[in-house]
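Given next are the chains, with one letter for each unit.
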Amino acid sequence: RPMQFSAMTMYMWFASTDDPGDDHRIIEMAAKQAIWFGELGYHVWFTDHHFRGPWHSNPMQFAAYVVPQIPRDRYIGFGVLSIPFYHPVRLVESMNLLDHLTKGRVLFGVGSGWQGTEPAGLGIDAEAHASGRLAEETLDTMERLWAFKPGDPETSFAVGNFSSRIKRRVTPAPYSKPYPTLIRVATRDAGIVRAAQKGWPVFVGVLGADLGAQMALYRRALDEANHPRHIKENCLRWCSYDWVGVTVASTEEKALELEKLARAETMAIRTAYVKRHGPTDGPAMKSASAQSRPEEYAKGGDMKLTIAGTPDTIAAKIAKLGEMGVNHLHLRFLGEIDGETAHITKTSAELFAREVMPRFAEKAPAPRAELAAAT
C-alpha cells in the first residue's frame, strides 16, 4: 500500500503583527502556498482557527477557492475542523457540497479544536468543549443528518448552543457514501475502537501516545468490524500520523542547523504574540494538565519532537511508520513563510517531494465514492 503525503498550509500560523491592512496580503500568501504544495505532489490541508490569522476562520470556503487550482489527483483536507463551533446542519451542508465539488477528494479531520479564545469568542461552553463531549454529540448528530431520508418522520436535536427540527433531508446529499471521509482524532483506546467500528480513519499518536499500540488496537478493531472491502481500504489508506516540525537538507548537519534557525524565528513570533494577547490558546483536551496546555504551547511544547535529516534518514523513519500500518503522513514543515526562514520551508518541501515521496509511491486508487460504486 503506498504512503500518502499531505502538507499543511501555513500551519499554526501566528501573525507577526495584528494589522487589518495586512489581511489581504496574508490570504493571498496562504493561497499561493497551498497551490504550490499541490503542484509539488502533496495533498493540501488547512487548519480551522478563529481570532488568529485572516484566512483560516473559514477553511472550507478557502479550500473551495484552492481546489480548482491544484492537480485533479490531489486531495484536500482539514486538520481539524472544530466541529462543536458549527451548527450541525450548516456543517453537513458545507461538507457535502465540498465533497461534490471535489468528486470525493476531500478528507475531513474532525475533533474538538482548541480551548481558550476560540470557544469563548464563539459562545461555546468551555467545560463541555474541553471534555470532548460536544464533539462527540455533534458527530452523532451529523450521522443522524446524513442518515435522514425522504419520507422519514420529523426529528429534532439539541447539541451545545444549537437545536433544530428536521422535516426534510439535508441537501445536497453527499457525493461519497454513506458520507464524506472523516478522520477522527482519537486519544483514548475507546475512541480508537469506536472509529474502527464506524469505518473512520483515525489520527494516531496524538500528544505522544504509543503509536504502535494504537495502530495494533485499531487494526484489530477494524478486522472485527467486518466492513465492506472499500470501507476498510479507505480506513487503512487515510489512517494518519502528524509530523510536526519537519526539516530536510542534503546533510544531517545542515538539517539540524536549518531546524535551529526556523525554531528560533517561530518562537520569536510566538513570544511576541503571547506578549500581546496572553497564552490563551491550546488543545481542547481535558486531562490533569489541561490548565497548563496554553502555557506549554506558548513555550514551544509542540516542537519538542521535531524531525530533521537527510532524505535517506527521513525515508527510513517513514518506512518504520509503514511497518506499523500508518499509510498517511501529515507534514508540517518548519520555517516562517512570512519571515526570514521561508527558504527553509521551501527547501525542505521541495527536497522531500523530489527525493522522499517517490520511494513510497504507487498508482493512487480512485476516490471512495468511485470505489463504492464499483463494488
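First, a word on what this report is: a plain description of the structure on this page.

Reading the values: the criteria
- Residues numbered from 1 in each chain as written.
- Predicted model: local features only at pLDDT ≥ 70, side-chain atom pairs only at ≥ 80, totals over all residues.
- Heavy atoms only, no water.
- Core = buried A, V, L, I, M, F, W, Y, C linked by side-chain atoms within 4.5 Å.
- Buried < 20%, exposed > 50% of the residue type's maximum accessible area, 1.4 Å probe, protein only.
- Helix = DSSP H or I, 4+ residues; strand = E, 2+ residues; numbered from the N terminus.
- Contact = heavy atoms within 4.5 Å.
- Polar contact = N/O pair within 3.5 Å; in protein donor to acceptor, adjacent residues only side chain to side chain.
- Expected span 1.5 Å × (residues − 1).
- Patch = residues over 30% accessible without salt bridge, like charges linked within 9 Å, V, L, I, M, F, W, Y side chains within 5 Å.
- Areas by Shrake-Rupley, 256 points an atom, 1.4 Å probe, with all protein chains shown as cover.
- Salt bridge = Lys/Arg side-chain N within 4 Å of Asp/Glu carboxyl O.
- Lys, Arg positive; Asp, Glu negative; His and termini not counted.
- Charge placed at Lys NZ, Arg CZ, Asp CG, Glu CD.

1. Quick look at the nonpolar core
Of all hydrophobic cores here, the largest spans 89 residues; its most connected members are Tyr42 and Phe352. No other element matches helix H1 (residues 23-40), which puts seven residues into this core. When near neighbours in sequence (up to four residues on either side) are disregarded, phenylalanine 352 contacts Phe5, Tyr42, Val248, Ile314, Ile318, Leu331, Phe333 and Met357. Of all hydrophobic cores here, the second largest spans 21 residues; its members include Trp45, Val80, Ala249 and Met267.

2. Regarding the side chain of histidine 56
Looking at the secondary structure, you find histidine 56 in the loop between strand E2 (43-46) and helix H2 (59-66). A distance of 2.8 Å separates the side chain of histidine 56 from the side chain of threonine 47, its partner in a polar contact.

3. Side note on helix H10 (residues 252-277)
The first and last C-alpha atoms of H10 sit 37 Å apart over 26 residues, in line with the 38 Å expected at 1.5 Å per residue. All buried positions along H10 are accounted for by Ala255, Leu258, Glu259, Ala262, Glu265, Thr266, Met267, Ile269, Arg270, Tyr273 and Val274. Positioned one or two residues after H10, glycine 278 has a phi angle of 90°, which is positive.

4. As for a positive patch on the surface
Taken together, the side chains of Lys149, Arg168, Arg169 and Lys177 make up a positively charged region of the molecular surface. Tracing the chain through its elements places lysine 149 in the loop between helix H6 (133-147) and strand E6 (155-159).

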